[in-house]
Each structure stands twice: as C-alpha cells, then as structure tokens.
Amino acid sequence: MNERITPSNITELKENEIFVFGSNSNGVHNGNAAATAMKFGAIMGQAVRIQGQTYAMPSKHIENLKKHIDDFLLYAEQHPEYIFW
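About the cut-offs
Residues numbered from 1 in each chain as written. Predicted model: local features only at pLDDT ≥ 70, side-chain atom pairs only at ≥ 80, totals over all residues. Heavy atoms only, no water. Helix = DSSP H or I, 4+ residues; strand = E, 2+ residues; numbered from the N terminus. Rg over C-alpha atoms; globule rule 2.2 N^0.38 Å. Buried < 20%, exposed > 50% of the residue type's maximum accessible area, 1.4 Å probe, protein only. Contact = heavy atoms within 4.5 Å. Areas by Shrake-Rupley, 256 points an atom, 1.4 Å probe, with all protein chains shown as cover. Lys, Arg positive; Asp, Glu negative; His and termini not counted. Charge placed at Lys NZ, Arg CZ, Asp CG, Glu CD. Salt bridge = Lys/Arg side-chain N within 4 Å of Asp/Glu carboxyl O. Core = buried A, V, L, I, M, F, W, Y, C linked by side-chain atoms within 4.5 Å.

Colleague: Give me the overall build of the protein: which residues, what numbers.
Modeller: Counting its regular elements, the protein contains two helices and four strands. Ordering the α and β elements of the protein from the N terminus gives β-α-β-β-α-β. Scaling as 2.2 N^0.38, a compact globule of 85 residues should have a C-alpha radius of gyration of about 12 Å, and the protein matches this with 12 Å. For the protein, the spread of C-alpha atoms along the principal axes amounts to about 35 × 25 × 20 Å. Expressed as a percentage of the 85 residues in the protein, the buried residues total 34%. A separation threshold of at least 6 residues defines the contact pool for the protein, and within that pool the share at least 24 residues apart is 45%. Within the structure as shown, the protein displays about 5,800 Å² of accessible surface, and the carbon and sulfur contribution to it stands at 52%. Positive and negative charge centroids in the protein, built from 7 and 9 side chains respectively, lie 6 Å apart.

If you want it as structure tokens, here you go:
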C-alpha cells in the first residue's frame, strides 16, 4: 500500500490532485479549509461534490455525514487517476 501524509498547509496542487474539504450546508466557503478551497476552484454556494480541484463535503450536520462520505468514497473509487488530499 502506498502511504501518503497530507501536508498541514496545502498551498498548491498538481494537475491530478483534489483538495477535499468540509463545507457548510449553504456552500459558504469563508473559513479554514473552505477558504483555502476557494483558491483551487471551490464555488461559493455549492456545498457538495467536485468543484475545480476541490471536493466539498458538508460536515456540520452529523445525520447527513455518512451519506456524504459514502458519495465521496464512490467518486474516489470511480476516479483512481486523482490523488485526494
């Protein structure tokens, strides 16, 4: 198994890399990792899925988190050409 450790501060992405971040349910990407995601193509107002070189996953409401994780894992499985951070 090829082990990777996500850098603590991602400032650039290679063409095949996707920045996975926790968004809020409204897709307002203002703070922390969500603000960083804006630099890589996250779309304000879009709370879920692939956006540029990012993948948004709403993480505030625990009751929906499993579905979002399952959706992400399916997407990642379908796209082995990407490295997800």
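Colleague: Tell me about the pattern of salt bridges, and name the residues and values.
Modeller: Pairs may arise between side chains of opposite charge once their charged atoms sit close together. A full pass over the atoms with the stated rule returns three salt bridges. One salt bridge connects Lys 66 with Asp 70, and the closest N-O pair in it is separated by 2.7 Å. Of this pair, Lys 66 and Asp 70 both sit in helix H2 (residues 62-78), four residues apart, which is roughly one turn of that helix. One salt bridge in this structure joins Asp 71 and Lys 67, with 2.6 Å as the shortest N-O distance. Of this pair, Asp 71 and Lys 67 both sit in helix H2, four residues apart, which is roughly one turn of that helix. Under the relative-accessibility criterion, Asp 71 is labelled buried at 18%.

Colleague: Break down the nonpolar core for me, with residues and values.
Modeller: In this structure, Ile 10, Leu 13, Phe 19, Phe 21, Ala 34, Ala 37, Phe 40, Ala 42, Ala 56 and Trp 85 together form the largest nonpolar core, which totals 10 residues. Those elements that provide at least two residues to this core are strand S1 (17-23) and helix H1 (32-38). If you look at the next biggest cluster of nonpolar residues, it comprises seven residues, including Ile 18, Phe 72, Tyr 75 and Phe 84.

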